[in-house]
Amino acid sequence: MHILRPQFRIEEQRALAFAAERGFGVIVATDVRGPRASHVPFVIERRDSSVIVQIHLTARNPLVELADGIRRFLLIVSGDDAYVSNDWYASRDNVSTWLYEAVHLNGVAHLRERDENRGHGDALLSASEARLPKQPWDLAQMEPEKRESMLSAIRVIDLVVDEIEGQSKLNQHKSDADHVAVADQLARAVETGHRRLADKMRALRPGLGYESRRDD
């Protein structure tokens, strides 16, 4: 098995940071019937030189029995996306397209013992609650019997990552004029995700003649 280098390339570090910030994705594996997938929250941690993505599934999920320490799983982490109309460009004869960001994390999946469920639950809650502007909630605040019943119903899986692929399409190959025109259109959008993509496009090519944002 290919082992990920202890020192990651800059692109890999950025892809991991992106995935960790999102904290939610689609886990995919294949059995004799074909692909199977589940939507899962996750936490990322370092153990020695390895990157571990830890997820949980209900005990009856068919993916659980596939986490045999041999089979490979894929975690797809999607970011914002936006449709770009062909008449948004400054120049003629461009086709409409979609802009997006995503990360693919590949590796071998290992099923953990049930006594590790609480540690996973605490780590996942800590990461998720930290994203909210409030006092964090934790499992200790739950009635003990209900908490243990909930934890016993899940299985925890470690995905030992050995391939990291970041995918980003933010108008990189267009002219400055077309780049500015599309970024300005996205910056005017109602959708928050479109405005976030506009900010990233502007960061890719700073100093161009962008319109002022309405919240500047």
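Structure report, in brief. (Residues numbered from 1 in each chain as written. Predicted model: local features only at pLDDT ≥ 70, side-chain atom pairs only at ≥ 80, totals over all residues. Heavy atoms only, no water.)

Quick word on the overall build of the protein
Okay, step 1: A tally of regular secondary structure across the protein gives five helices and six strands.
Okay, step 2: Helices and strands appear in the protein in the N-to-C order α-β-β-β-β-β-α-α-β-α-α.
Okay, step 3: The dimensions of the protein, computed from C-alpha atoms along their principal axes, are 60 × 40 × 35 Å.
Okay, step 4: Counting across all 216 residues of the protein, residues that qualify as buried make up 42%.
Okay, step 5: If you take every contact in the protein between residues at least 6 apart in sequence, the share linking residues at least 24 apart comes to 69%.
Okay, step 6: About 12500 Å² of surface is accessible on the protein, with carbon and sulfur atoms providing 52% of the total.
Okay, step 7: Across the protein, 30 positive and 34 negative side-chain charges occur, with their mean positions spaced 2 Å apart. (Helix = DSSP H or I, 4+ residues; strand = E, 2+ residues; numbered from the N terminus. Buried < 20%, exposed > 50% of the residue type's maximum accessible area, 1.4 Å probe, protein only. Contact = heavy atoms within 4.5 Å. Areas by Shrake-Rupley, 256 points an atom, 1.4 Å probe, with all protein chains shown as cover. Lys, Arg positive; Asp, Glu negative; His and termini not counted. Charge placed at Lys NZ, Arg CZ, Asp CG, Glu CD.)

Things to note about the pairing of strand S1 (residues 24-31)
Okay, step 1: Burial of the side chains of S1 is restricted to one face: Gly25, Ile27, Ala29 and Asp31 are buried, whereas none of Phe24, Val26, Val28 and Thr30 on the reverse face is.
Okay, step 2: Pairing of S1 with strand S2 (residues 34-47) involves eight bridges; the strand directions are antiparallel. Across the sheet, Phe24 pairs through a bridge with Pro41, a residue of S2.
Okay, step 3: Following S1, the chain reverses through two residues before pairing antiparallel with S2.
Okay, step 4: Inspection of the sheet shows S1 paired to strand S4 (residues 68-84) by three bridges, in the antiparallel sense. Pairing of Ile27 across the sheet is with Leu75, part of S4. (Pairing = 2+ DSSP bridges.)

As for the nonpolar core
Soluble globular proteins tend to pack their nonpolar side chains together in the buried interior.
Okay, step 1: Counting residues in each nonpolar core, the largest one holds 26 residues, and the members touching the most others are Ile27, Val53, Ile55, Phe73, Leu75 and Leu105.
Okay, step 2: Of all the elements in the fold, those that place two or more residues in this core are helix H1 (10-22), S1, S2, strand S3 (50-58), S4, strand S5 (97-111) and strand S6 (154-169).
Okay, step 3: Those residues in contact with Ile27 that sit more than four places away from it in its chain are Arg36, Ala37, Ser38, Val40, Ile55, Leu63, Phe73, Leu74, Leu75 and Leu159. (Core = buried A, V, L, I, M, F, W, Y, C linked by side-chain atoms within 4.5 Å.)

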